[in-house]
Amino acid sequence: MGDLVLSNARLLDGRGGTLERATVHVSAGRVAEVLPGTAAKKGGPGLEVVDLSGGTLMPALVDAHVHLSSYPTLPPPLRGEEPRTPALRYFELANFARDLVSMGVLTVRDVGSEGDHALHLRQAVRHGLCPGPRILTCARIVSATSPGCRIFGTMYRPADGPYEVRKAAREQLAAGADFVKVMATGARSVVLETPETAQLTRGEVRAVVDEAHRLGHRVAAHAEGLEGSRVAIEEGVDTIEHGLSLHREPALLEKMAENDQTLVPTLSTFHDVSEDHPEKYPCALVEQAHRQREEAYNTLVAARTAGVRIAMGFDSYPLGQNARELIRMVDGGLAPMEGIVAATSGSAAALGLQGVGVVEPGAAADLLVLDGDPLSEPAILLDASRIRLVFQGGAAVGAAPPPR
Ligand SMILES: [Zn+2]
C-alpha cells in the first residue's frame, strides 16, 4: 500500500481538538503526520493525494457495547418452509460486520454473543474472509447461576463462588477473550431478575478482577442497580455497562472519575424496550424500562458533571446505526464534541486501546470523511449518503474509492 495524503479537510482529532484546515499523511496504515493547512504535495507513484474540501475528517467510530449475534435479519420462517440451517447465522454475522464498516464503525467491543460467534467472526475478519471492524470480545459472560442463564443460554457461563468465577474467567481467556464481562446485577430484560440487587457477591467480583488484571485483561461489569454498581466500582472493574442508578449516589461517580473507570450509558437499549420494540417484552419490563430510561439520562448528566469518562455503547440494532447512541447522548446533554469524543477516544480508552479513536501521529489510520459538519449536524453520521469515505488502516473501504 502506497502513502496517502488527505488534504484540505476540517479535522476533528477525537480528543476534542479541531483544525479548520488540515493535511493528514498516512503511511503503512498509520497516521504519519498531521499538519495545519493544505498539502503542498502532488500525487505520484506510491503517493496518493486526496482533496477532501468541504469535508470533515475524524476518527472512525468505536462502539464499546455491542452484541454481534443477538439480532435477527431474516423474518421468522413460515410454516412448511424449508428448515433453515443454523449456518445461516454466519452469513448474517458477515453482513453485520460489513454494515458496521460501511457506516464507519471500525472498532467494536462485543459484550456477549451466542456461543462462540463473536470469536468466530473476529477470526474471519482477521483472515480477510469478510470486511469487518476490529472486534474485541468477552467470549461468554460470567454470571451467577440465575434466571438469565435460562434465557440467554450459551451467551452466559454460570459460575458460583470465588474459585468457580475465577475458573470461568480463565476459560474465557483460554477461548481467546480480549476481556472479561461479569453480571454484577440481574438484567432488565429478564422478568425473574431484579436489576436492583447485587447478583455476584463482592468476593466473586473481586476474584474475577484479580484474575483478569493479573493477566493483563480488562473487566466490564453489567451493572444496573446501585448495590451491584457499588461492588463493581469498589472492586475495580474497568467499565460500568448501563450504570443507570449512579445518579442516586454522586460519590460513586466521583470514585469512578478518580479510578479512571468508564461509564457506558447505553441509552439506546432503554429506548428499545420502552418505545421502539415494546411489543417484544412483557408489560412489567416495558414499565421498568421507562423508569430506567429516565435514570440513564440523569446518570449521563451526573457522570459528565463528575468528570467520569464516557464511552459510546449502542447495545441495540440495526448494527451500523451505532451513532444513534451518540445522538441520544447529545440529546441528553453532552455537547456534540463531547459525544464525538465519547464515540472515538473515550470508547477506545474504555477498551484499553492506544492509537485508536484519534487522529494523531502513530494512530491507526481508521478514518471517516463526512460531507458536512457533525458538530452542527450529528445526524449525518447516520446517513450513508453523507459518509463520503471510510479508511480502514489507510485503505478505502465501504465507500467509493478515492479518485486517482
Ligand atoms: Zn448489552
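Residues numbered from 1 in each chain as written. Predicted model: local features only at pLDDT ≥ 70, side-chain atom pairs only at ≥ 80, totals over all residues. Heavy atoms only, no water.

Participant: Got a sec to walk through the coordination of the zinc ion? Specific residues and values, please.
Facilitator: Donor atoms from the polypeptide that bind the zinc ion are H65 (NE2), H67 (NE2) and D315 (OD), placed at 2.0 to 2.4 Å. Between consecutive donors of the zinc ion, the numbers of intervening residues give the motif H-x1-H-x247-D. In this structure, H65 and H67 share a single accessibility class: buried. (Donors = N, O, S within 2.8 Å, 3.2 Å for Na, K, Ca; no water. Buried < 20%, exposed > 50% of the residue type's maximum accessible area, 1.4 Å probe, protein only.)

Participant: Tell me about the packing of aromatic side chains, residues and numbers included.
Facilitator: Scanning the entire structure with this criterion turns up 2 aromatic pairs. We note R109 situated over the ring of F179; from NZ or CZ to the ring centre the distance is 5.2 Å. (Phe/Tyr/Trp six-rings, centres within 6.5 Å; stacked < 30°, edge-to-face > 60°. Lys NZ or Arg CZ within 6 Å of the ring centre and 35° of its normal.)

Participant: Requested: an account of the sheet that holds strand 8 (residues 134-137), with residues and values cited.
Facilitator: The strand order 6-7-8 describes an open sheet built from 3 strands, whose pairing is parallel. Both edges of this open sheet fall to strand 6 (61-66) and strand 8, since each of them pairs with a single strand only. Looking at each pair of strands side by side, their axes are set apart by 15° on average, direction ignored. For strand 6 and strand 7 (residues 105-110), the ladder comprises 4 bridges, and the chain directions are parallel. Paired with L61 across the two strands is V105, which belongs to strand 7. Helix 2 (residues 117-126) contacts strand 7 and strand 8 of the sheet and is inclined by roughly 155° relative to strand 8. (Pairing = 2+ DSSP bridges. Helix = DSSP H or I, 4+ residues; strand = E, 2+ residues; numbered from the N terminus. Axes fitted to C-alpha atoms, helices over the stretch in contact; angles between N-to-C directions. Contact = heavy atoms within 4.5 Å.)

Participant: If you had to explain unusual backbone geometry to someone new, which residues and values would you point to?
Facilitator: Here the residue pair Y317 and P318 is connected by a cis peptide bond, since its omega of 5° sits within 30 degrees of zero. Here P318 shows up in the loop between strand 15 (309-310) and helix 10 (323-331). You will see that D315, though not glycine, has its phi angle at about 55°, which is positive. Mapping D315 onto the fold places it in the loop between strand 15 and helix 10.

Participant: A description of the nonpolar core should follow, citing residues and the corresponding values.
Facilitator: Ranked by size, the top nonpolar core spans 81 residues in total, and within it L68, I240 and L246 carry the most contacts. One finds V62, L136, M183 and L351 within the second-largest nonpolar core, a separate group that totals 20 residues. (Core = buried A, V, L, I, M, F, W, Y, C linked by side-chain atoms within 4.5 Å.)

Participant: I'd love a proper account of the pairing of strand 6, names of residues and values included.
Facilitator: Counted residue by residue, strand 6 has 6 buried out of 6 residues, so it is predominantly covered. Each parallel crossover has a hand, and the one from strand 6 via helix 1 (residues 88-102) to strand 7 is right-handed. (Right-handed = clockwise from strand over helix to strand, strands pointing away.)

Participant: Describe the state of the cysteines, and please don't skip the residues or the numbers.
Facilitator: Tallying each qualifying case throughout the model produces 0 disulfides. Here C138 stays free of any disulfide, with the sulfur of C149 as its closest cysteine sulfur at 14 Å. Assessed through its relative accessible area of 0%, C138 is described here as buried. (Disulfide = S-S within 2.5 Å.)

Participant: Explain the pattern of salt bridges to me, using residue names and the numbers behind them.
Facilitator: Evaluation of the coordinates by the stated rule reveals 35 salt bridges. Put simply, R166 and D210 hold a salt bridge, and the shortest N to O gap is 2.8 Å. Note that R166 is positioned in helix 4 (residues 162-175) and D210 in helix 5 (residues 202-214), a separation of 44 residues in sequence. Of the charged contacts in the structure, one is a salt bridge between D210 and R214, with a shortest N-O distance of 3.8 Å. (Salt bridge = Lys/Arg side-chain N within 4 Å of Asp/Glu carboxyl O.)

Participant: Would you mind going over the packing of helix 6 (residues 226-234) against helix 7 (residues 250-259) in detail, with residue names and values included?
Facilitator: Where helix 6 contacts helix 7, the two axes come as close as 10 Å, and the packing angle between them is 25°. Taken together, the axes of helix 6 and helix 7 lie roughly parallel to each other. Judged by the twist between their axes, the crossing of helix 6 over helix 7 is left-handed. Facing helix 6, whose interface residues are L226, R230, I233 and E234, helix 7 presents L252, K255, M256 and N259. Within the contact of helix 6 with helix 7, the residues separate by chemical class into 4 nonpolar, 1 polar and 3 charged. (Parallel < 35°, antiparallel > 145°, perpendicular 65-115°, else oblique. Left-handed = near helix turned anticlockwise from the far one by under 90°. Nonpolar A, V, L, I, M, F, W, Y, C, P; charged D, E, K, R; others polar.)

Participant: I'd like a rundown of the side chain of R109, residues and numbers included.
Facilitator: Looking at the secondary structure, you find R109 in strand 7. Taking the relative accessible area as the measure of exposure, R109 reaches 3% and is therefore buried. A polar side-chain atom of R109 sits 2.7 Å from the main-chain carbonyl oxygen of A64. Engagement of the side chain of R109 in a polar contact is seen with the side chain of E241, the distance being 2.7 Å. In contact with R109, not counting residues within four places along its chain, are D63, A64, H65, V66, L136, F179, A220, T239, E241, V264, A350 and L351. (Polar contact = N/O pair within 3.5 Å; in protein donor to acceptor, adjacent residues only side chain to side chain.)

Participant: An account of the environment of V111 is needed here, citing residue identities and associated values.
Facilitator: On the secondary structure map, V111 appears in the loop between strand 7 and helix 2. Judged by relative accessible area, V111 falls into the buried class, the value being 0%. Spatially, the C-alpha atom of V111 lies 13 Å from that of A350, the residues being 239 residues apart in sequence. Ignoring anything within four residues of it in the chain, the contact list for V111 reads A64, H65, V66, H67, C138, I141, F179 and K181.

Participant: An account of the environment of E211 is needed here, citing residue identities and associated values.
Facilitator: Inspection of the secondary structure puts E211 in helix 5. Sequence separation of E211 and T344 is 133 residues, and the distance between their C-alpha atoms is 28 Å. Leaving out residues up to four positions away in the same chain, E211 has contacts with R166, A169 and R170.

In short, geometric facts, not functional conclusions.
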